[in-house]
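Chain by chain, the residues:
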Amino acid sequence: YGLSIWGNLLQTPRTWQVNGENLTLNTQQYQTLLIARLRLLSMRGTVPEINKLLNFIFGQYGRAFVIDNYDMSITYRFNFNLTPLQLTILRNIDLLPRPAGVDIKVFAVSKNVFGFNGSGCQPFNQAPFAVYTDLI
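This section reports on the structure supplied with the text. Model, not experiment: these values are computed from the prediction.

Rules used in this analysis
- Residues numbered from 1 in each chain as written.
- Predicted model: local features only at pLDDT ≥ 70, side-chain atom pairs only at ≥ 80, totals over all residues.
- Heavy atoms only, no water.
- Helix = DSSP H or I, 4+ residues; strand = E, 2+ residues; numbered from the N terminus.
- Expected span 1.5 Å × (residues − 1).
- Contact = heavy atoms within 4.5 Å.
- Phe/Tyr/Trp six-rings, centres within 6.5 Å; stacked < 30°, edge-to-face > 60°.
- Buried < 20%, exposed > 50% of the residue type's maximum accessible area, 1.4 Å probe, protein only.
- Lys NZ or Arg CZ within 6 Å of the ring centre and 35° of its normal.
- Axes fitted to C-alpha atoms, helices over the stretch in contact; angles between N-to-C directions.
- Parallel < 35°, antiparallel > 145°, perpendicular 65-115°, else oblique.
- Nonpolar A, V, L, I, M, F, W, Y, C, P; charged D, E, K, R; others polar.
- Core = buried A, V, L, I, M, F, W, Y, C linked by side-chain atoms within 4.5 Å.
- Left-handed = near helix turned anticlockwise from the far one by under 90°.
- Arc of directions from axis to C-beta.
- Polar contact = N/O pair within 3.5 Å; in protein donor to acceptor, adjacent residues only side chain to side chain.

## Concerning helix H3 (residues 47–58)
- Its 12 residues place the ends of H3 16 Å apart at the C-alpha level, agreeing with the 16 Å of an ideal helix rising 1.5 Å per residue.
- As for H3, its buried residues are in contact with helix H2 (27–42), strand S3 (64–68), strand S4 (73–78) and helix H4 (84–92).

## Quick word on the packing of aromatic side chains
- Under the criterion given, the structure shown has four aromatic pairs.
- With a centroid separation of 6.0 Å and an interplanar angle of 45°, the aromatic rings of Phe58 and Phe80 are classed as tilted. Residue Phe58 is found in helix H3, and its partner Phe80 is found in the loop between S4 and H4; the two are separated by 22 residues along the sequence.
- Looking at Phe58, the relative accessible area reads 4%, which means it is buried.
- Their ring planes at 85° and their centres at 6.0 Å tell us that Phe78 and Phe80 sit as a pair that is edge-to-face.
- The aromatic ring of Phe56 is capped on one face by Arg39, whose charged end is 4.2 Å from the ring centroid.
- Between Arg63 and the ring centre of Phe65, over which it is positioned, the NZ or CZ distance is 4.5 Å.

## Things to note about the packing of H2 against H3
- The contact between H2 and H3 brings their axes to 10 Å, and the two run at 170°. If you check the angle between H2 and H3, you find them roughly antiparallel. Contacts from Thr32, Ile35, Ala36 and Arg39 of H2 reach H3 at Leu53, Phe56 and Ile57.
- Looking at side-chain class alone, the contact of H2 with H3 contains five nonpolar, one polar and one charged residues.

## Considering the nonpolar core
- Grouped together as the largest cluster of nonpolar side chains are 31 residues, with contacts concentrated most on Leu54, Phe58, Tyr76, Phe78, Ile89 and Leu95.
- Residue assignment for this core shows that the elements contributing at least two residues are strand S1 (15–18), H2, H3, S3, S4, H4 and strand S5 (103–109).

## Re the packing of helix H1 (residues 2–9) against H2
- Between H1 and H2, the shortest axis-to-axis distance is 10 Å and the interhelical angle comes to 35°. Where H1 crosses over H2, the two elements pack in a sense that is left-handed. Contact residues: Leu3, Trp6 and Gly7 in H1; Thr27, Tyr30, Gln31 and Leu34 in H2.
- Broken down by class, the residue content of the contact of H1 with H2 amounts to four nonpolar, three polar and no charged.

## Quick word on H2
- In a regular helix each residue adds 1.5 Å, so 16 residues correspond to 22 Å; H2 covers 23 Å between its end C-alpha atoms and thus fits that length.
- Taken together, the buried positions of H2 are occupied by Tyr30, Leu33, Leu34, Ala36, Arg37 and Leu40. One side of H2 holds all its buried residues, which, seen down the axis, span an arc of 160°. Structural note: H2 exposes Gln28 and Ser42 on the side pointing more than 90 degrees away from its buried face.
- On its buried face, H2 sits against H1, H3 and H4.
- Two to three positions downstream of the cap, the backbone nitrogen of Gln28 sits 3.2 Å from a side-chain oxygen, assigning the N-cap of H2 to Asn26.

Right under this line is the structure:
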């Protein structure tokens, strides 16, 4: 019940429509989303703060980080395959910090890529080293 109140205050729904079907976040996922949204509202938008937020949200899935391009733009990189639910949430909620006057680019791994034994990736000559797709 408490999470529903926080969800209303932060204007963050628990149920999302992904590919024509409704998906509901479990309690832990919804709690993480609400905490991330609350942190977003209280942060200054520096690169170390953003990287700490990305590690909090996506640390269990893989590496996610932001790069300052030194030209009034930043690039978000996700070195893992985002689920359709994660993509929907990123596109519909302003969850990624956008410092004032700074352009952002968001890239994610689009397919299985080359990786060493035990990494869960593809073997040599079976996949490219990295293929990123622009999400925004």
